[in-house]
Amino acid sequence: MDFTADSLLSRAAHELSPRADDLIHDVKRCLRREVPDLWDEPDIAQMTAENVAEHVVALLFGIERGIEPRRIDPPAADAERARRLAQRGKPVTSMLRAFRLAQGLVLDRLLEELSRLTSDAEPVSAATRKLITLATEYMDRTSETGVLAFQDERDRQVQWRLSVVNEASVRVGTTLDIARTAQELADLATERFADAVTVDLLETSSGDEPPATDTPVVRRVAQQSVTAGHPETDCLEAIYGEPPVPPQQLHRYTDGAPPARALVTGRPSRHRLGAFASMLVVPLCARGTTLGVAQFFRHHKPDAYGDEDLLLAQEIAARAAVAIDNARRYTHVRATALTLQRSLLPRSTPVQSAVEVACRYLPAAAQLGVGGDWYDVIPLSGARVALVVGDVVGHGIHAAATMGRLRTAVRTLADIDLPPDELLTHLDDVVIRLSAEVSAQTDAESAGDIGATCLYAVYDPVSSRCVLARAGHVLPAVVNGNGTVDILDLPAGPPLGLGGLPFEAAEIDLPEGSLLALYTDGLIEARDHDIETGLTLLRQALAQPAPSLESACDTVLETLLPARPDDDVALLLARTHALGSRQVASWDVEADPAAVSRARANVSQQLTTWGLDELDFTTELVVSELVTNAIRYGRPPIQLRLIHDRTLLCEVSDDSSTTPHQRRARGYDEGGRGLLLVSQVTEHWGTRHARHGKTVWAECALGAPELFSDAAALDVEGVPGVV
């Protein structure tokens, strides 16, 4: 039988068609061996098998019918299958290699049929050339179509991944809150490529470095699902042996579980969970530290996770890990600063009778950090009390540390009973020295000028008067007995740290029951209103009746402050008390040594009136020494005053500014032991200066001192230096 090249090819294809299933089987077996990555996942393997069968059938059909290669219709799903390969992260070279291998096997079978049909070399040679040309054209056309579909899908996938990564950079890490950042990661992932997400972080304390242990404890800080109640999370976790974990619950992974391996090795992985579910496990690593692990589940979507999905999850998790690490570090720094700040503030107000106080300190919102606001209540001599509120410029640990140094300086200066304006002058010098020290440092973190404001007030319950001075601080408020609220008009003073400008004090009457409000600018300044509006709100809040000062503090803060204040706030409320004539006794003393005995007699009589006979000997000893010193070394007029408060206060004032000092007397000295005796029998003693003169005071505890329990056996007149 004579064959042409075309008829021989058609006959060979016709003869091979009944055995097409065997040919398809051989092609599959070859591809499984040579291109294994097309068969490692069941759905991809199924798609590859279908693709092989349809291409073999189409090619044999076209050759048998004599159809030109460009007119042979490829399988309808060919382009879609190429796109699926791109979606699953398979390389295009695998697809092209599969095409070439399948082409070679089909050609081999057809060539065998050509040789079997005829022994005439000429038609076989012509048919072979035509077959190679036809198969090559078909394969080139099919490959081109597949590559174009593959590349189009790859480009679309790249654009989609870039959009997801860009969206993650915008949506994840919007705050410095760890839990919120983790939840933002879970929310984004469930919207874009996951059906359920869990985020577990290694349990740490106050932002410390996560522990490096074989079985670390983790906390479920965030989880999200496409359906409410997180059922997918619970179900899919149970598939690989992990029990469901409620939010914020501490737990441990079982040994060998994918999340446990990810925490130990720091490597991501993907897994199939049954026939229809898959999972990505991605450790959250930042700056060389593993912070936790994120798990991405896919259950509703038909496609299992591929390598491209794993790369996308890694990119998003890496960005989230950096944000979480930033939040963790900030949380640590903020907690340290807040701890330092609170440790430097008074833990409780001292016991005193001049005022009843209530205090509050509120740090700013998390983004701003702890500032340098502070308050203090300092008991002074003469039953007086100093009230202090200050504000250091800036936020963070350095502001808190500077606040502690200034508070210590204020207490030291208050201990020597400086008037408010003089105290602020010395405090200004302290701030200038601190600023010079900081400016000399090369550390960029701590370099910079130091500035602060301060208001210092001294209230005297005996006279019911208050002396105030301010250094760039906001004006205080006073609630009068009739309920009206006034903002005190105090002389303006420059902020601390400028130097060269004087401070001026003002003295006001504060009748018993008045309420003095000291605060920092964070209370009345805010983004949504100016200072005048803040002062109006403060007046309204202070005017509201309150059962206690603590309630009044709460009312003020609730009225003026938002949930997340822009600046930290210190608030000090003080309700004044007065010491009446029944608790205070005073006498003018003549500058005559004979007046000492009369002073002792007056004191003894007053102590009997107060029912303090047990202090008679001690007080007479103190009065004798202080009055004698005033007569000998001071200038008239001289005044003696007793104050019966929580202790017994004895004060002797004169018009001299000379300060008495305690000294060590030699063995044969007749004098010099008086102040030593005073210091031994009293709780405290000291000197305070006024505009004119000074006051030497001593404080005796109520009850007979142990040192003189046998006081009657001592002869006061025989003590050297005591008249």
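See above for the structure.
What you see is a predicted model, and the numbers here were worked out from it, not measured in a lab. (Residues numbered from 1 in each chain as written. Predicted model: local features only at pLDDT ≥ 70, side-chain atom pairs only at ≥ 80, totals over all residues. Heavy atoms only, no water.)

A tally of helices and strands in the protein yields 17 helices and 21 strands. Within the protein, the proportion of its 723 residues that are buried is 50%. Once local pairs closer than 6 in sequence are excluded, the contacts in the protein between residues at least 24 apart make up 69%. Working note: accessible area of the protein is about 33,600 Å², and carbon and sulfur atoms make up 51% of it. (Helix = DSSP H or I, 4+ residues; strand = E, 2+ residues; numbered from the N terminus. Buried < 20%, exposed > 50% of the residue type's maximum accessible area, 1.4 Å probe, protein only. Contact = heavy atoms within 4.5 Å. Areas by Shrake-Rupley, 256 points an atom, 1.4 Å probe, with all protein chains shown as cover.)

Over the atoms, a rolled probe matching the size of one water molecule traces out where space is still vacant. All chains considered together, the criterion is met by 2 cavities of 30 Å³ or more. Considering only enclosed or pocket space, the largest cavity measures out at about 280 Å³ in volume. Every residue lining the largest cavity is counted, 22 residues in all, and those nearest its centre are Asn-51, Val-52, His-55, Ala-98 and Phe-99. Mapped onto the lining of the largest cavity, the elements with two or more residues apiece are α3 (42-65), α4 (78-87), α5 (92-117) and α6 (121-171). Per-element accounting of the lining of the largest cavity gives the leading share, 7 residues, to α3. A per-class count over the lining of the largest cavity returns 15 nonpolar, 5 polar and 2 charged. There is about 60 Å³ of room inside the second largest cavity. Considering the residues around the second largest cavity, the lining is formed by Gly-522, Leu-523, Glu-525, Ala-526, Leu-560, Leu-561, Pro-562, Pro-565, Asp-566 and Asp-567. When grouped by side-chain class, the residues that make up the lining of the second largest cavity number 6 nonpolar, 1 polar and 3 charged. (1 Å grid on protein atoms, 1.4 Å probe; cavity = no way out; pocket = protein on both sides within 12 Å on 5 of 7 lines; lining within 4 Å. Points joined across faces, edges and corners; volume = space filled by probe spheres on them. Nonpolar A, V, L, I, M, F, W, Y, C, P; charged D, E, K, R; others polar.)

Looking now at the sheet that holds strand β6 (residues 289-298). Ordered in space as β3-β2-β1-β6-β5-β4, the 6 strands form an open sheet in which the pairing is antiparallel. Only two strands of the sheet have a single neighbouring strand rather than two, namely β3 (250-251) and β4 (269-273). Where strand β5 (residues 277-286) lies against β6, 9 bridges are found, and the strand directions are antiparallel. Its bridge partner being in β6, Leu-284 is matched across the sheet by Gly-292. Its contacts with the sheet place helix α7 (residues 178-192) against β1 (196-202), β2 (218-225), β5 and β6, and it is angled at close to 35° to β2. Contacting β1, β2, β4, β5 and β6, helix α9 (residues 258-265) crosses the sheet at an angle of about 150° to β6. (Pairing = 2+ DSSP bridges. Axes fitted to C-alpha atoms, helices over the stretch in contact; angles between N-to-C directions.)

On to the pattern of salt bridges. On inspection of all chains with the given rule, the structure shows 38 salt bridges. The shortest N-O distance in the salt bridge between Glu-308 and Arg-154 comes to 3.1 Å. Pair noted here: Glu-308 is in helix α10 (residues 307-344) and Arg-154 is in helix α6, with a separation of 154 residues, a long-range link. For Glu-308, a relative accessible area of 12% gives the class buried. With a shortest N-O distance of 2.3 Å, Arg-220 and Asp-200 are connected by a salt bridge. (Salt bridge = Lys/Arg side-chain N within 4 Å of Asp/Glu carboxyl O.)

Burial within strand β15 (residues 515-519) is extensive, with 5 of its 5 residues counted as buried. Alignment of strand β12 (residues 477-479) against β15, held across 3 bridges, turns out to be antiparallel. Residue pairing across strands places Ala-477 opposite Ala-517, the latter belonging to β15. By the bridge criterion, 5 bridges tie β15 to strand β16 (residues 569-576) in an arrangement that is antiparallel.

Along the chain, the position of Pro-502 falls in the loop between β13 (485-487) and β14 (505-509). By relative accessible area, Pro-502 is classed as exposed at 65%. Residues Pro-502 and Ala-492 lie 10 residues apart in sequence; the distance between their C-alpha atoms is 9.9 Å.

Another point: the nonpolar core. Of all hydrophobic cores here, the largest spans 58 residues; its most connected members are Trp-374, Leu-387, Leu-406, Leu-424, Leu-427, Tyr-456 and Leu-572. In terms of nonpolar packing, the next biggest core, distinct from the first, is built from 48 residues, Trp-39, Ala-49, Leu-85 and Ala-127 among them. (Core = buried A, V, L, I, M, F, W, Y, C linked by side-chain atoms within 4.5 Å.)

An order of β8-β9-β10-β11-β14 is seen for the 5 strands of this open sheet, with the pairing classed as antiparallel. The open sheet is flanked by β8 (371-379) and β14, the only strands paired with a single partner. Pairwise comparison of adjacent strand axes, ignoring direction, gives a mean angle of 15° for this sheet. As paired strands, strand β11 (residues 465-471) and β14 are joined by 5 bridges and run antiparallel to one another. Along β14, the bridge assignment pairs Ala-469 with Ala-505. Its contacts with the sheet place helix α11 (residues 397-415) against β8, β9 (385-395) and β10 (452-460), and it is angled at close to 20° to β8.

Here the largest pocket is characterised by a volume of approximately 830 Å³. Residue lining of the largest pocket: 32 residues in total, with Arg-384, Val-467, Arg-688, His-689 and Ala-690 positioned closest to the centre. The greatest single-element share of the lining of the largest pocket, amounting to 4 residues, is contributed by β10. Residues belonging to the lining of the largest pocket are distributed by class as follows: 12 nonpolar, 7 polar and 13 charged.

This next bit is on the pairing of strand β21 (residues 694-700). Taking burial as the measure, the 7 residues of β21 include 7 buried ones, the bulk of the element. With burial as the criterion, each face of β21 is covered, one bearing Lys-694, Val-696, Ala-698 and Cys-700 and the other bearing Thr-695, Trp-697 and Glu-699. Inspection of the sheet shows strand β19 (residues 648-654) paired to β21 by 7 bridges, in the antiparallel sense. Looking across to β21, one finds that Glu-651 is bridged to Trp-697. By the bridge criterion, 6 bridges tie strand β20 (residues 684-689) to β21 in an arrangement that is antiparallel. Following the sheet pairing, His-689 is matched in β21 by Lys-694. Taken together, β20 and the strand that follows it, β21, pair antiparallel across an intervening segment of 4 residues, in which Gly-693 is found at a positive phi of about 85°.

A separate point is helix α1 (residues 5-16). Between its terminal C-alpha atoms α1 stretches 16 Å, which fits the 16 Å expected from 12 residues at 1.5 Å a residue. Of all the residues in α1, the buried ones are Ala-5, Leu-8, Leu-9, Ala-12, Ala-13 and Leu-16. With its buried residues spanning 130° around the axis, α1 presents them on a single face. Turning to α1, the residues buried within the fold contact α2 (20-34), α3, α5 and α6. (Expected span 1.5 Å × (residues − 1). Arc of directions from axis to C-beta.)

All right, on to the side chain of Gln-352 then. By the secondary structure assignment, Gln-352 is in the loop between α10 and β7 (355-362). Given a relative accessible area of 13%, Gln-352 falls into the buried group.

In the contact formed by helix α13 (residues 531-543) and helix α14 (residues 549-560), the axes pass within 9 Å of each other and the chain directions differ by 145°. Relative to α14, the crossing made by α13 is right-handed. Along the contact surface, α13 presents Gly-534, Leu-537, Leu-538, Ala-541 and Leu-542, while α14 presents Thr-555, Val-556, Thr-559 and Leu-560. (Left-handed = near helix turned anticlockwise from the far one by under 90°.)

Moving on, we come to unusual backbone geometry. In this model, Pro-636 is joined to Pro-637 through a cis peptide bond whose omega is 5°. As for its placement among the helices and strands, Pro-637 is situated in the loop between α16 (616-633) and β18 (638-644). In this structure, Gln-248 is a non-glycine residue whose phi angle is positive, near 65°. Of note, Gln-248 is situated in the loop between α8 (231-239) and β3. Its relative accessible area of 41% is what places Gln-248 among the partly exposed residues. The residue Asp-417 is not glycine, and still its phi comes out positive at about 55°. Structurally, the position occupied by Asp-417 is in the loop between α11 and α12 (420-439).

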